[in-house]
Amino acid sequence: MSRFLNVLRSWLVMVSVIAAGNTLQSFRDHGFLSEKLYTASPGLVNGLQARTFGVWTLLSSVIRCLCAIDIRNRTPDNACEFQCTIEHAILHLTSLYHITLFTFFLALAHFLSEVFVYHTAALTIGVMAPLMVASFSILGMLIGLQYLEVEALSQNKKKN
């Protein structure tokens, strides 16, 4: 495994642990969200919204941790036995990886929309931090995808 993928796996674990902490905080005290994230409309934050946010954050945390554990996780494909084409190998790369990447796009879209569309959050450090984490994670995972594609191609060449 490349050094970059190992660093990416460590990053995913760190982000996952932080998200798990945010989940606990969301369940413990919904004031956390109104004080740190939704500062432009703190009155809209209630216990139900905080718990929903906590469940969403927990799901993202679990997905990211599972990806860090098994970054090469692939969807089983019965149509591809031992001799896949190169294009087929690239198309059927790590589905868990793609889902994890999507969680970061979703988080980025959520926080950007809360700031610029719904105006429920202001660009404070509490919002800038998840925006930066999502942005850096997207960048890192897109680079990591290139490493995974190269590994898949080299493994396919070894089989043939």
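Residues numbered from 1 in each chain as written. Predicted model: local features only at pLDDT ≥ 70, side-chain atom pairs only at ≥ 80, totals over all residues. Heavy atoms only, no water.

**Student:** Could you clarify how one ought to interpret unusual backbone geometry in this entry?
**Tutor:** Phi is mostly negative for residues that are not glycine, and the peptide bonds are mostly trans. Phi at H119 takes a positive value of approximately 55 degrees, unusual for a residue other than glycine. Mapping H119 onto the fold places it in the loop between helix 5 (95-116) and helix 6 (125-159). Here H119 falls in the exposed class, since its relative accessible area comes to 51%. (Helix = DSSP H or I, 4+ residues; strand = E, 2+ residues; numbered from the N terminus. Buried < 20%, exposed > 50% of the residue type's maximum accessible area, 1.4 Å probe, protein only.)

**Student:** What is the right way to look at the side chain of T120 in this model?
**Tutor:** With respect to the element layout, T120 can be found in the loop between helix 5 and helix 6. Here T120 is in contact with L37, Y38, T39, A40, S41, L44 and E114, once residues within four sequence places are set aside. (Contact = heavy atoms within 4.5 Å.)

**Student:** Is there a simple way to explain the UniProt feature "transmembrane region" (unreviewed entry) in the protein chain in this structure?
**Tutor:** According to UniProt, the positions carrying the feature "transmembrane region" (unreviewed entry) are residues 50-69, 90-112 and 118-148. Secondary structure content for residues 50-69 is 100% helix and 0% strand, while the C-alpha to C-alpha distance between its ends is 28 Å. Helix makes up 77% of residues 118-148 and strand 0%, and the two end C-alpha atoms of the span are 37 Å apart. (UniProt positions renumbered as here; feature names shortened; annotations may be inferred.)

**Student:** Would you explain the nonpolar core in this entry?
**Tutor:** In summary, soluble globular proteins display a tendency toward joint burial of nonpolar side chains. Core analysis: the biggest nonpolar cluster contains 31 residues, and L33, Y97 and M141 have the highest contact counts within it. Within the residue set of this core, elements represented by two or more residues are helix 1 (3-28), helix 2 (31-36), helix 3 (47-69), helix 5 and helix 6. (Core = buried A, V, L, I, M, F, W, Y, C linked by side-chain atoms within 4.5 Å.)

**Student:** Can you walk me through the pattern of salt bridges in this structure?
**Tutor:** Pairing is possible between side chains that carry opposite charge, provided their charged atoms lie close to one another. This model, assessed by the stated rule, comprises 1 salt bridge. Where E151 meets R72, a salt bridge forms, and the shortest distance between an N and an O atom there is 2.6 Å. Highlighted residues: E151 in helix 6 and R72 in the loop between helix 3 and helix 4 (86-91), separated in sequence by 79 residues. When its relative accessible area of 27% is taken as the criterion, R72 is described as partly exposed. (Salt bridge = Lys/Arg side-chain N within 4 Å of Asp/Glu carboxyl O.)

**Student:** Please explain the packing of aromatic side chains as it appears in this structure.
**Tutor:** The description of two aromatic rings rests on the distance between their centres and on the angle between their planes. What the rule picks out here adds up to 4 aromatic pairs. Seen from their ring centres, F53 and W56 are 5.4 Å apart, and the 65 degrees between their planes marks the pair as edge-to-face. Residue F53 and its partner W56 are both found in helix 3; the two are separated by 3 residues, about one turn of the helix. Classification of F53 by relative accessible area gives buried; the value is 9%. Assessed through its relative accessible area of 23%, W56 is described here as partly exposed. By the ring-pair criterion, three or more aromatic residues cluster together here, those being Y38, F53, W56 and F111. Lying over the aromatic face of F104, R64 brings its terminal NZ or CZ to 3.9 Å of the ring centre. (Phe/Tyr/Trp six-rings, centres within 6.5 Å; stacked < 30°, edge-to-face > 60°. Lys NZ or Arg CZ within 6 Å of the ring centre and 35° of its normal.)

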